[in-house]
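Single-letter residue listing:
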Amino acid sequence: MLSKREVFDGVPEEYLSHKERYENAIRNSVVAFSLVRKMQEEGKTSINNYRDVVGGLLGSSVLRDGSPLGLHYIMFMPAILNQANEEQQEKWLPRAWNCSIIGSYAQTELGHGTFIRGLETTATYDAATKQFVLHSPTLTAYKWWPGGLGQTANYCIVVAQLYTKGQCHGIHSFIIQVRDEETHMPLPGIKIGEIGAKLGLNAVNNGFLGFDNYRIPRTNMLMKHAQVLEDGTYVKSRHSKLNYGAMVFVRVVIVFDMVNYLSKAVTIATRFSAVRRQCQLKAGETECQILDYVTQQHKLFVSIAAAHAFRITANKLWLTFNEVNEQLVEGNLQRLPELHALACCLKAVTTADTAACVERCRLACGGHGYMMSSSLPLTYGLVTAACTYEGENTVLLLQTARFLVKTYQQLDSKALTPTVAYLKTAAAERFCVGWSNTTEGIIRGFQVVAMRVIIMSTFNEEVQEMSRTVSPQLKEVLHQLVDLYCTYWALEKLSDLLLYTPISQKEVESLRLRYEETLTNLRPNAVGLVDAFDLRDEMLQSTLGSYDGRVYERLMEEAMKSPLNAEPMLQSTLGSYDGRVYERLMEEAMKSPLNAEPVNYTFHKYLKPFMQGKL
Ligand SMILES: CCCCC/C=C\C/C=C\C/C=C\C/C=C\C/C=C\CC/C=C/C(=O)SCCNC(=O)CCNC(=O)[C@H](O)C(C)(C)COP(=O)(O)OP(=O)(O)OC[C@H]1O[C@@H](n2cnc3c(N)ncnc32)[C@H](O)[C@@H]1OP(=O)(O)O
Ligand SMILES: Cc1cc2nc3c(=O)[nH]c(=O)nc-3n(C[C@H](O)[C@H](O)[C@H](O)COP(=O)(O)OP(=O)(O)OC[C@H]3O[C@@H](n4cnc5c(N)ncnc54)[C@H](O)[C@@H]3O)c2cc1C
């Protein structure tokens, strides 16, 4: 087993090139996951210990910036378990378990991540040949982000709009081979590569994938829930959202992942705070441990408590997940909405809180927390990604809100599921039954807050009709900015205002409404206001922020500059917006510092022996 930071020729990862990072990640991953495979061969695996072992490995110092094989375990295999019928599981799972095939999960596209009903990749059934034809009609239809897809996976689960007999039936999942199992070359009709350097997780080999009328057998549609018969007849699923199951599983697992990262970060910061001596509590005394400062305790101790709270929560969520999935197998879908809302809420809350806590841990270590060797910057990069992937946090919290408002609206007509039963009590008793400074009193207080916020949201949704116009005068807009700034910070610092000013509850409620109104008023001028900063593209240096708004073309252009994309040469239209795509690809390839080897040498040296069970 590699030592915790033994890497490429003994050089710390931070000093490796982009390509060397990838090669190092492949080498460490095949060694690490050979152990997981051995566990499986010796019958020592269950989904629980897989979760802990794989999760432990992915967050470990061996695979400290992720792994090109992570998605294989985290989403490729769970998706087969969750969405393939028995025959398909018999065909694909044994090869996935022993890693003779390596998979990824391709749902997000350049143009769509959140709104999955808007995905553009199509899978059109051809009854004459009993095949699906996969196609990427536009550049924005290209799959973008799937982990391991850049140069590693040879199969993936692809989520596409299913068409049969001229009718669209929405998004469904397909298992698709994207590379030759012997040569690892992309198959004809497949356009594939990696998306380039990221804030973190730079060992994950996130890729892009485009289809050019690529044909797969009908039986490659995952058919546990919905099916397409040989003649093209569509048989729909019992519940339209059963296809979303893979996302629910990962959201549940992410909560465990946050426990790992938060525990690491607060361990580093607390131990350092016991070692670090800085300044004197009393003149003439020896310098004290910074852990003795109340301000330092304020920064760190809540993270220790949070790590334990998240672990307890994660275990409870895992039990709920397994309970509900057993009920789903028996056809009982009653608790699926609650599980979806719980997974959305806890994934969003634990990732956001962990990212904030890890940043506080870094800040608590002063300058040394800014060193890569502290592991705090790297940990921050890992956890902040979790606020985006597997469902962007805002969007998931909106899903939770949707469930809570619906629950409130059905309070008297429907039995409440366990996690929201408190709403009945909060609704039945007088809200303000007094405050007690005990743990139970605080929990009760937050239950009352939750109840009131739900009522306010329901009220806003039902009655709020806001018609607004915005005067084009600059003065007017600047006033709005001042108004926004004031109401934002008043709401942010509400506890102080409630403590030190006579602000009333009614005034707080109207402050909230005014804040939302100001947001809406500013929306039409938002882009104009940032244009007014007059920052040239050369200064921004950002694919997302360029003045002309050609985000996706620039993202793809930058991705093509990655040295890993030079092999193999991409034969691809890649959304030829100016028609010079092939000349451009050849120009870039000639600039690449890499040899145009047909396949990265790591495939033959590490990946292929691993997949053949020879490692
Ligand atoms: C088998 C071996 C396993 C071994 C290993 C096991 C584990 C590994 C161990 C550890 C792993 C370690 C670490 C793991 C940590 C991190 C993971 C690492 C990498 C992550 C890689 C990232 C992958 C991705 O990001 S994949 C792409 C993710 N994308 C998304 O999440 C998209 C987000 N958007 C959506 O989900 C949807 O668009 C939406 C926002 C929910 C809206 O959907 P829509 O259809 O438009 O629905 P609505 O109209 O809003 O609502 C309609 C109706 O549907 C209900 N609904 C919606 N979604 C669901 C759902 N998922 N389930 C159930 N029900 C759902 C919704 O409530 C509403 O219901 P209503 O009408 O009754 O109100
Ligand atoms: C490190 C990493 C790994 C990933 N790995 C994978 C992978 O393996 N496979 C895969 O398929 N995908 C993967 N993804 C993609 C990820 O799932 C998406 O980035 C995520 O779902 C967010 O979608 P988006 O990027 O389109 O952001 P957007 O949805 O465009 O979000 C941009 C902004 O719009 C806001 N917004 C969007 N919709 C709404 C709404 N309805 N209401 C209010 N605000 C809204 C969001 O809150 C956000 O502020 C990965 C992403 C990252 C960062």
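Calculation notes
Residues numbered from 1 in each chain as written. Chains lettered and ligands numbered in written order. Predicted model: local features only at pLDDT ≥ 70, side-chain atom pairs only at ≥ 80, totals over all residues. Heavy atoms only, no water. UniProt positions renumbered as here; feature names shortened; annotations may be inferred. Near = heavy atom within 4 Å. Polar contact = N/O pair within 3.5 Å; in protein donor to acceptor, adjacent residues only side chain to side chain. Areas by Shrake-Rupley, 256 points an atom, 1.4 Å probe, with all protein chains shown as cover. Helix = DSSP H or I, 4+ residues; strand = E, 2+ residues; numbered from the N terminus. Nonpolar A, V, L, I, M, F, W, Y, C, P; charged D, E, K, R; others polar. Domains from an automatic or database assignment. Contact = heavy atoms within 4.5 Å. Phe/Tyr/Trp six-rings, centres within 6.5 Å; stacked < 30°, edge-to-face > 60°. Buried < 20%, exposed > 50% of the residue type's maximum accessible area, 1.4 Å probe, protein only. Expected span 1.5 Å × (residues − 1). Buried area = accessible area lost by both parts, 1.4 Å probe. Salt bridge = Lys/Arg side-chain N within 4 Å of Asp/Glu carboxyl O.

Under an unreviewed UniProt entry, the protein chain has the name Acyl-coenzyme A oxidase and belongs to Papilio machaon. In its Subcellular location (unreviewed entry) section, the UniProt record describing the protein chain reads: "Peroxisome". The heading Sequence similarities (unreviewed entry) in the UniProt record of the protein chain holds the text "Belongs to the acyl-CoA oxidase family."

Some thoughts on the site of ligand 1
Around ligand 1 sit 39 residues in total, of which Thr114, Lys241, Tyr244, Arg251 and Arg402 are the nearest. Taking Thr114, its main chain carries an N or O atom lying 2.7 Å from an oxygen atom of ligand 1. Gln399 places a polar side-chain atom, nitrogen or oxygen, 3.0 Å from an oxygen atom of ligand 1. Relative to its unbound accessible area of 1,500 Å², ligand 1 is 87% covered by the protein chains. Going through the elements one at a time, α2 (47-58), α3 (70-83), α5 (245-275), α7 (336-364) and α9 (393-409) are the ones with two or more residues in the shell around ligand 1. For the shell around ligand 1, the leading source of residues is α5, giving eight residues. Residue classes in the shell around ligand 1 are distributed as 23 nonpolar, eight polar and eight charged. In terms of domain composition, the shell around ligand 1 takes at least three residues from each of domain 1 (1-237 + 568-615) and domain 2 (245-531).

Notes on the UniProt feature "domain: Acyl-CoA oxidase C-alpha1" (unreviewed entry) in the protein chain
When the UniProt feature table is mapped onto this chain numbering, "domain: Acyl-CoA oxidase C-alpha1" (unreviewed entry) sits at residues 244-405. As annotated, residues 244-405 comprises 73% helix and 0% strand, and the C-alpha atoms at either end are separated by 22 Å.

Some points on the UniProt feature "binding site: FAD" (unreviewed entry) in the protein chain
Per the UniProt record, "binding site: FAD" (unreviewed entry) is found at Thr108 and Gly147. Of the residues just listed, which span 40 residues, no C-alpha pair is farther apart than 11.0 Å, and they cluster in one region. In this structure, Thr108 sits in the loop between β1 (103-106) and β2 (122-126). Setting aside anything within four residues of it in sequence, one finds Thr108 in contact with Gly113, Tyr142, Lys143, Trp144 and Trp145.

Things to note about the packing of aromatic side chains
Applying the stated criterion across every chain yields a total of twelve aromatic pairs. Plain terms: the ring middles of Trp144 and Phe208 are 5.9 Å apart, the flat faces sit at 15 degrees to each other, and that makes the pair stacked. One end of the pair, Trp144, is in strand β4 (residues 143-144); the other, Phe208, is in strand β8 (residues 207-211), with 64 residues separating them in the sequence. Accessibility expressed as a relative area gives 5% for Trp144, which makes it buried. Centroid distance Phe249 to Trp318: 6.3 Å. Interplanar angle 55 degrees. Geometry classified as tilted. Of this pair, Phe249 sits in helix α5 while Trp318 sits in helix α6 (residues 294-329); the two residues are 69 residues apart in sequence, bridging distant segments of the chain.

A word on α3
Here α3 is 14 residues long and its end C-alpha atoms lie 19 Å apart, about the 20 Å a rise of 1.5 Å per residue gives. Turning to α3, its buried residues number three or more, namely Gly70, Leu71, His72, Tyr73, Met75, Phe76, Met77, Pro78, Ala79, Ile80, Asn82 and Gln83.

Here we look at the domain arrangement of the protein chain
In terms of domains, the protein chain is made up of domain 1 (1-237 + 568-615) and domain 2 (245-531). Of the residues lining the interface, 21 residues belong to domain 1; the matching set on domain 2 comes to 24 residues. On the domain 1 side of the interface with domain 2, the three residues burying the most area are Arg51, Arg64 and Leu201, jointly 29% of the side's total. If you look at where domain 1 meets domain 2, you find zero salt bridges. The interface formed by domain 1 and domain 2 includes one residue pair in polar contact (both at pLDDT 80 or more). Only α2 and α3 provide two or more residues apiece to the side of domain 1 that touches domain 2. If you tally residues by element for the side of domain 1 that touches domain 2, the top one is α3, at six residues. Considering only residue class, the side of domain 1 that touches domain 2 consists of ten nonpolar, seven polar and four charged.

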